[in-house]
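# Structural features, examined
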There are 2 protein chains.
Amino acid sequence: MDRLIEAIEAKDNPSIVGLDPTQALVPSQACTMEIEFNEKDLESFIEGLERSSNPEDQRILASINNADGTDAKMKVAKKVLEGDSGAQIVMGFYEFNRAIIDAVKDIVPAVKPQIAMYEAYGSIGFDIYRLTCEYAQKQGLYVLGDIKRGDIGSTAAAYAKHLTQINSREDDVNGRPWYEDAVTVNPYFGTDGITPFTDAAKQTDKDVFALVRTSNPSSKEIQELELADGDKLYEHVADLVEGWGADSIGKYGYSRLGAVVGATHPEQGRELRERMPHTFFLVPGYGAQGGTSADATQMFDKNGRGAIVNSSRGIIGAWKKSGEYREDMAKEEALDLVGRSARAAAIAMRDDLRKALH
Amino acid sequence: MDRLIEAIEAKDNPSIVGLDPTQALVPSQACTMEIEFNEKDLESFIEGLERSSNPEDQRILASINNADGTDAKMKVAKKVLEGDSGAQIVMGFYEFNRAIIDAVKDIVPAVKPQIAMYEAYGSIGFDIYRLTCEYAQKQGLYVLGDIKRGDIGSTAAAYAKHLTQINSREDDVNGRPWYEDAVTVNPYFGTDGITPFTDAAKQTDKDVFALVRTSNPSSKEIQELELADGDKLYEHVADLVEGWGADSIGKYGYSRLGAVVGATHPEQGRELRERMPHTFFLVPGYGAQGGTSADATQMFDKNGRGAIVNSSRGIIGAWKKSGEYREDMAKEEALDLVGRSARAAAIAMRDDLRKALH
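Below or above, wherever it landed, is the structure these notes cover. This one's a predicted model, so the numbers in the text were calculated from it and none came from an experiment.

Here the distance between the centres and the angle between the planes together describe a pair of aromatic rings. Residues and elements named next belong to chain B. Here the structure, examined in full by the defined rule, presents 16 aromatic pairs over all chains. Ring centres of tyrosine 129 and tryptophan 178 lie 6.1 Å apart, and the angle between their planes is 65 degrees; on these two criteria the pair is classed as edge-to-face. Residue tyrosine 129 is located in helix H7 (residues 123-138), and its partner tryptophan 178 is located in the loop between helix H8 (153-159) and strand S4 (182-185); the two are separated by 49 residues in the primary sequence. The pair formed by tyrosine 129 and tryptophan 178 is uniform in burial state, with each residue classed as buried.

Put into structure tokens, the structure is as follows:
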């Protein structure tokens, strides 16, 4: 956890920006790959299709010929050339993410891409997730991949490739990384589901964050169950996590295995901070989910260390509340607004946390 | 769950084949895309590079020219043309999976691809996972995607796209599915992490399986914790799962929300069978993990229904125990052995379960 702690101290800012784009959070300008296409282009496109013996090309040709009039034919051809609309949207996410990263990279130490938002777009979504991680890492940011994977040992080892490198033949020197500095994991399987991740983290100087007390309302149904020994379930999980990390404590007193503790449970967070003295906290739930800076500060130690607070929608969606957005903006203008708004929101969050902590 | 139950009864076989390939479980012949390449091909490859102005092509040309002698030059050029070794391996998984599916499709009702094994190969791995699901579904098999996702509500909704379709623009008529009939999910978030999946399942006539009592040794550390009310944690999760499914009970008395209950806990499985009368069980842990057919039958109801038993390595790795494999086998021969061995193992498992049940 040393690298993350040093990144936080260098910027005097214990906050992390969640990169969880959705179509609603990204200006439509970023998600359109509209091609330029005139009548002459249409002619040569049709000629190319006529020369082809590929049955798919013949089908496209037939649907162009069936369209009534040049404008309609152009529309069909353009739609073919513009391709899959899901791919266009998620490629827009990449441009959106870069605009955010460029705007906040001198302010925040870390970003947290949520893989589910990319997984929803299929395999190209994973390319965009990985490109986002790579871009952020190359801008000097610590990248916390919010993947929440968890399974039995042999399967967890496959997921732990997120921290080492994408599988290839052993003699392949071009191993490709996921570009994540840490990942989140689910503790429900116990030790054997966690060890493959913590082993990979030790091997690669990276970190892992296990779910302990999540920020969502219904998390209490399981996590707050009272055990026979008087503890709550999340407290027992907390003790397990503190124990699993015990052999990887770094120079600031925190292990490589952190814990996810929602800002929506400040009182529990304060108790967990004492109960888990060597466990660094990732604190979601600030902002849009209702957690305040006063809530979040419960998760810090007496030196003002020990936690990093996440905000996603509050920062990446700040442009929507700016009042400056117009649908007829050019793409560059819209992405500029996204960046400026995110930067202002990230500064406000940093200052809010600094004030609450000092 | 009706479709799964009918598929099981049609084949009189409550077993499911886990498609969890690893490099060790797949004959190397399937994972090699060795190209045919003679001296004349080398010449025209070099000519092509010389005509290109692409800097990457110029680098390749330089490394070919630096190689000493025709054989060495051929080797460099081949390696370039054969491409990424991880991609080769995971493309081999697809051929391996098809050999298994073709060999067992008239015997077993369902397959369970484990997404982690594909995710380890990056975005092309997800293409292969999806192609595997598609191929299996088109052969008439029920496809249970073992994804074990789980997150807060808004994020779970993105993961639930596995059951609806890969995201695209709303007006895109070419929506692409993941080709999964069901997925596994993690219950740690409580109701809001589950509802997006069960809603999607109801909308698409599909199913969901929540982890209750997993098959791995350390699962007891959390799942067997004793609660203040005398129940074990997994029993409480069982009650939640039974309740979450209550509004989707089908014509055979089972809901759309099943439970994962490991064959390695037969006594607990027997009790859970009574405790969760409307919850269908996915039973991992038979075979390689130590569960027997007598253990697995504890999870069935008095009509011999209510559960499906998974075997992965025992079936897809059966070729390794056949004694027939030779490293110099042709690819087709090796895949034929994989299929024949899997078929024999699947028949043996079916007969073992039938005998134990009747």
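This is not the end of the story, as more comes after the structure.
Residues and elements named next belong to chain A. For helix H2 (residues 39-51), built from 13 residues, the straight-helix expectation of 18 Å at 1.5 Å per residue is met to within 8% by its first-to-last C-alpha distance of 19 Å. Of the surrounding elements, those touching the buried residues of H2 are helix H3 (55-66) and helix H4 (70-82). Its side-chain oxygen 3.0 Å from the backbone nitrogen of lysine 40, asparagine 38 forms the N-cap of H2.

A few words now on a negative patch on the surface. All names here are of chain A. Among the surface-exposed residues, Glu39, Glu43, Glu47, Glu50 and Asp71 lie close enough to one another that they form a single negatively charged patch. A per-element tally of the negative patch places H2 first, with 4 residues. Mapped onto the elements, glutamate 43 comes out in helix H2.

The next thing to look at is the pattern of salt bridges. All names here are of chain A. Considering all chains together, one arrives at 60 salt bridges over all chains under this definition. Glutamate 134 serves as the salt-bridge partner of lysine 138, at 2.6 Å between the closest nitrogen and oxygen. Taken as a pair, lysine 138 and glutamate 134 lie in helix H7 (residues 123-138) at a separation of 4 residues, close to a single helical turn. Classification of glutamate 134 by relative accessible area gives buried; the value is 19%. Beyond isolated ion pairs, a larger network of salt bridges with shared partners links Arg3, Asp181, Asp205, Asp207 and Arg256.

This next bit is on the interface of chain B and chain A. Contact residues are listed per partner, giving 67 residues for chain B and 67 residues for chain A. With both sides pooled, the region where chain B packs onto chain A buries about 5,800 Å², and carbon together with sulfur makes up 53% of that total. Considering only the surface of chain B that becomes buried against chain A, B:Arg169, B:Tyr188 and B:Ile222 emerge as the three largest contributors, covering 14% of it. At the junction of chain B with chain A, the criterion picks out 4 salt bridges. Measuring nitrogen to oxygen at the nearest pair gives 3.0 Å for the salt bridge that ties B:Arg149 to A:Glu119. Viewed at the interface, chain A and chain B are joined by 38 residue pairs in polar contact (both at pLDDT 80 or more). Top contributing element to the side of chain B that touches chain A by residue count: helix H11 (residues 233-244) of chain B, with 6 residues.

For the rest of this paragraph, the subject is unusual backbone geometry. Residue and element names in this part refer to chain A. Even without being glycine, aspartate 12 reaches a positive phi, approximately 45 degrees. Following the sequence through the fold, aspartate 12 ends up in the loop between helix H1 (2-11) and strand S1 (15-19). Classification of aspartate 12 by relative accessible area gives partly exposed; the value is 38%.

Let's shift gears to H7(A). In this model, H7(A) (16 residues) spans 23 Å end to end at C-alpha, consistent with the 22 Å of a helix rising 1.5 Å per residue. Elements that come into contact with the buried residues of H7(A) comprise S1, helix H5 (85-104), strand S2 (110-113), helix H6 (115-119) and strand S3 (142-149) of chain A together with H7 of chain B. After H7(A) finishes, the residue A:Gly140 shows a positive phi value of roughly 90 degrees.

Here we take up the pairing of S1(A). Residues and elements named next belong to chain A. Within S1, 5 of the 5 residues are buried, leaving the element largely enclosed by the surrounding structure. A two-sided burial pattern is seen for S1, the buried positions comprising Ser15, Val17 and Leu19 on one face and Ile16 and Gly18 on the other. The pairing of S1 with S2 spans 4 bridges and is parallel. The residue of S2 that forms the bridge with isoleucine 16 is alanine 110.

Thresholds applied
Position numbers for residues count from 1 along each chain, tracking the sequence in the order it is written. Going through the entries in the order they are written, you letter the chains from A and number the ligands from 1. Whole-chain, interface and lining totals are the exception, using all residues; otherwise, since this is a predicted model, local features are given only for residues with pLDDT of at least 70 and side-chain atom pairs are given and counted only at 80 or more. Remark: hydrogens and water are excluded; side-chain values derive from all non-hydrogen atoms of the structure. Only Phe, Tyr and Trp rings are paired, with Trp represented by its six-membered ring, and only when their centres lie within 6.5 Å; those with planes under 30 degrees apart are stacked, over 60 edge-to-face, the remainder tilted. Helical segments are the DSSP runs of H or I of at least four residues, strand segments are the runs of E of at least two, and each set is numbered from the N terminus. Working definition: with a 1.4 Å probe on protein chains only, accessible area under 20% of the residue-type maximum means buried, over 50% means exposed, and in between means partly exposed. Each residue after the first adds 1.5 Å to the expected span of a helix. Residues count as neighbours in contact if any of their non-hydrogen atoms are within 4.5 Å of one another. Distance and chemistry together define a polar contact, namely a pair of N or O atoms within 3.5 Å, with one atom able to donate a hydrogen and the other to accept it when in protein, and with adjacent residues in sequence counting only for side-chain atoms on both sides. Patches here are clusters of residues that have more than 30% relative accessible area and form no salt bridge, with a 9 Å joining cutoff for like charges and a 5 Å cutoff for nonpolar side chains (Val, Leu, Ile, Met, Phe, Trp, Tyr). All accessible-area figures derive from a Shrake-Rupley calculation using a 1.4 Å probe, and residue coverage is judged against the displayed protein chains alone. Just to be clear on terms, a salt bridge is a Lys or Arg side-chain nitrogen sitting within 4 Å of an Asp or Glu carboxyl oxygen. Just so you know, the count uses Lys and Arg for positive and Asp and Glu for negative, and it drops His and the chain ends. Charge coordinates come from a single atom per side chain, which is NZ of Lys, CZ of Arg, CG of Asp or CD of Glu. When two parts are put together, the accessible area they lose, computed with a 1.4 Å probe and summed over both, is reported as buried area. At least two bridges found by DSSP between two strands are what make those strands a pair.

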